[in-house]
Amino acid sequence: MDVNENDDPAAAAGPSVQERRFAALRGCDRLLSGTRPQNLRERLAALTAEAEQAHDLDQRPDFYGDGVVRALEERVAGLLGAEDAAFFPTGTMAQQVAMRIWADRRGERNVALHPLAHPERHERRAYATLGGLHSVWPTTEPRIPTPAEIRGFDESYAVLTLELPLREAGFVLPTWEELTATVSAEDAPVHFDGARLWESTFHLGHSLPEIAALADSVYVSFYKTLGGVNGAALTGDREFVRTARAWRHRYGGQLFQQWPAALSALAGLDRELPRLESYVTHAKVVAAALAEALAAVPGARVFPELPHTHQFQLWLPYPARVLDDAGIRLAEESGLGLFGGWRDSVLPGLAMTEVTVAGPALEWTAKDVTAGVEALLALL
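Residues numbered from 1 in each chain as written. Predicted model: local features only at pLDDT ≥ 70, side-chain atom pairs only at ≥ 80, totals over all residues. Heavy atoms only, no water.

Draft legend 1. Structural context of the UniProt feature "domain: Aromatic amino acid beta-eliminating lyase/threonine aldolase" (unreviewed entry) in the protein. Mapped onto this structure's residue numbering, the UniProt feature "domain: Aromatic amino acid beta-eliminating lyase/threonine aldolase" (unreviewed entry) falls at residues 65–301. The span residues 65–301 carries 45% helix and 13% strand; its end-to-end C-alpha distance comes to 45 Å. (UniProt positions renumbered as here; feature names shortened; annotations may be inferred. Helix = DSSP H or I, 4+ residues; strand = E, 2+ residues; numbered from the N terminus.)

Here is the structure:
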């Protein structure tokens, strides 16, 4: 029997929400949150153009971590003021390795995390399943633990992991005084989950080397904020990084070649680091405009009201599917792309999206934001 598109239930249902959003945002004239999605051809063309400035392309490709991968590691170590750095294909792998090293060194299987931390919420608790580690929580408040909570905690642990910023709490950061006080109160090693550390310098008021110097190890991401293909790095002293490389191999991260990821990371460092301050500054303008435009909508909230980085949360009193549909329709019909995907909260009828103020948002004035919100509300 012949099979055609109409025999496929998925085809009959039409494009998914993700496919509709991708197409709609690609066709937008203006974007408020995030960057314009690229197809594979565009992504390859952009990488080719940027790579010429990021690295000497006449060199041979990397083999098992040398060449351009090593150049990236040295660049990151220099940026963070660390003795060395190791490239990892994923942050999930890097986080596991960091915690495992500290656990092995101290002969302790407990690791201190926040219940909202990335390893707890987005890594399927790999540290426990693969590493045999157990998490303990010095605090459940949506912030890093205080010195009093550290000193008064009644369980031992191998390492304290601090996510800077704490994404699930609203991309929130401590003050510099709070961060240094917590680190000073800690007897165990401190590891920074710094996937978004690049943009945290402005709220903390200190440089990347000054921030990284507070921790015994630091993880940074190359695709969050920097727009790389994938990848992460662990930094620390030479002995820590040497051990991290050994565990990277054991976990399957010693890939034959990784030059596309390394080139895109180097290009992202060149492109985005000089722009981050403008993103963080403009995020405050966008957040204030959103709060004002939504003041009459019961339950609507921007959090934090004054963003700590260039990302923050927006909450609206509608189901996620309704907001997704309205946002896609607005993009398709008006060429205005306001937000990415929405997700429902534990409270029925209340949904949240994460707003990322990047290059495209810099052209939006407060009035533009207000007009965009009004257009979205009209579709709800």
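Read on, since the account is not over.
Draft legend 2. Fine view of the packing of aromatic side chains. Here the structure, examined in full by the defined rule, presents seven aromatic pairs. Aromatic side chains Y64 and F256 sit 5.5 Å apart centroid to centroid with 65 degrees between the ring planes, which places their arrangement in the edge-to-face category. Of this pair, Y64 sits in the loop between α3 (40–54) and α4 (68–80) while F256 sits in the loop between α12 (238–250) and α13 (259–272), placing them 192 residues apart in sequence. On the basis of an interplanar angle of 10 degrees and a centroid distance of 5.9 Å, the ring pair of F87 and F222 is categorised as stacked. Taken as a pair, F87 in strand β2 (residues 84–88) and F222 in the loop between β7 (217–221) and β8 (232–236) lie far apart in primary sequence, 135 residues in all. F222 matches F87 in its accessibility class, with the two residues each being buried. Put simply, the rings of F63, Y64 and F256 pair up and form one aromatic cluster. A cation over a ring is seen here: R30 above W364, with NZ or CZ 4.8 Å from the ring centre. Over the face of the ring belonging to F88 we find R248, whose NZ or CZ atom lies 5.9 Å from the ring centre. (Phe/Tyr/Trp six-rings, centres within 6.5 Å; stacked < 30°, edge-to-face > 60°. Buried < 20%, exposed > 50% of the residue type's maximum accessible area, 1.4 Å probe, protein only. Lys NZ or Arg CZ within 6 Å of the ring centre and 35° of its normal.)

Draft legend 3. Looking closely at the nonpolar core. The biggest cluster of nonpolar side chains holds 50 residues, and the ones touching the most others in it are L72, V76, L179, F192, W198 and F222. Not counting residues within four places of it along the chain, the set of residues in contact with W198 comprises L79, L80, L208, V220, S221, F222, K224, T225, L226, L269, L273 and L276. Ranked by size, the runner-up nonpolar core spans 27 residues in total, among them A289, L294, V302 and L330. (Core = buried A, V, L, I, M, F, W, Y, C linked by side-chain atoms within 4.5 Å. Contact = heavy atoms within 4.5 Å.)

Draft legend 4. Inspection of the pairing of strand β13 (residues 351–356) at higher detail. Counting buried residues along β13, six of its six residues qualify, which places the element largely inside the surrounding structure. One ladder, built from six bridges, connects strand β10 (residues 311–316) with β13; its direction is antiparallel. For W315, the partnering residue across the bridge sits in β13 and is M352. Pairing geometry for strand β12 (residues 343–344) and β13, over two bridges, is antiparallel. Residue pairing in the sheet places R343 in a bridge with M352 of β13. The hairpin formed by β12 and β13 contains six residues between the paired strands, and G349 there has a positive phi angle of roughly 85 degrees. (Pairing = 2+ DSSP bridges.)

Draft legend 5. Just the environment of D62, in detail. Tracing the sequence through the fold places D62 in the loop between α3 and α4. A relative accessible area of 0% means that D62 is categorised as buried. In this structure, the C-alpha to C-alpha distance between D62 and G231, residues 169 residues apart in sequence, is 15 Å. Beyond its immediate sequence surroundings of up to four residues, D62 is in contact with V68, V69, F256, Q257, Q258 and W259. Within the structure, D62 has its side chain in polar contact with the backbone nitrogen of Q258 (distance 2.7 Å). (Polar contact = N/O pair within 3.5 Å; in protein donor to acceptor, adjacent residues only side chain to side chain.)

Draft legend 6. Expanded view of unusual backbone geometry. The residue after L164, namely P165, is reached through a cis peptide bond having omega -5 degrees. Mapped onto the elements, P165 comes out in the loop between β5 (160–163) and α9 (176–185). The omega torsion across F303 and P304 is -10 degrees, close enough to zero to call that bond cis. Although it is not a glycine, R125 sits at a positive phi angle of roughly 50 degrees.

Draft legend 7. Spatial organisation of helix α15 (residues 320–334). Taking 1.5 Å of rise per residue, the 15 residues of α15 would be expected to cover 21 Å, and the 21 Å separating its terminal C-alpha atoms lies within 8% of that figure. Looking at the buried positions of α15, the neighbouring elements they touch are α2 (17–26), β10, β11 (336–337), β12, β13 and α16 (366–377). Following α15 by one or two positions, G335 has its phi on the positive side, about 75 degrees. (Expected span 1.5 Å × (residues − 1).)

Draft legend 8. Expanded view of the side chain of T201. Here T201 lies in helix α10 (residues 201–204). A relative accessible area of 13% places T201 in the buried class. In contact with T201, other than residues within four places in its own chain, are H206, S207, L208 and I211.

Draft legend 9. Structural context of the confidence of the model for the protein. When pLDDT is averaged across the protein, the result is 95; 97% of the residues are at 70 or more. Long-range and interchain partners of residues 1–7, a stretch whose pLDDT sits below 50, account for three contacts in this model, where long-range means more than four residues apart. (pLDDT = per-residue confidence, 0-100.)

Draft legend 10. The arrangement of the environment of E210 in detail. The residue E210 is located in helix α11 (residues 208–212) in this model. Remark: the alpha-carbon pair of E210 and V286, spanning 76 residues in sequence, is separated by 29 Å. Polar contacts involving the side chain of E210 include one to the side chain of H206, which spans 3.3 Å. A distance of 2.8 Å separates a polar atom in the side chain of E210 from the backbone nitrogen of S207.

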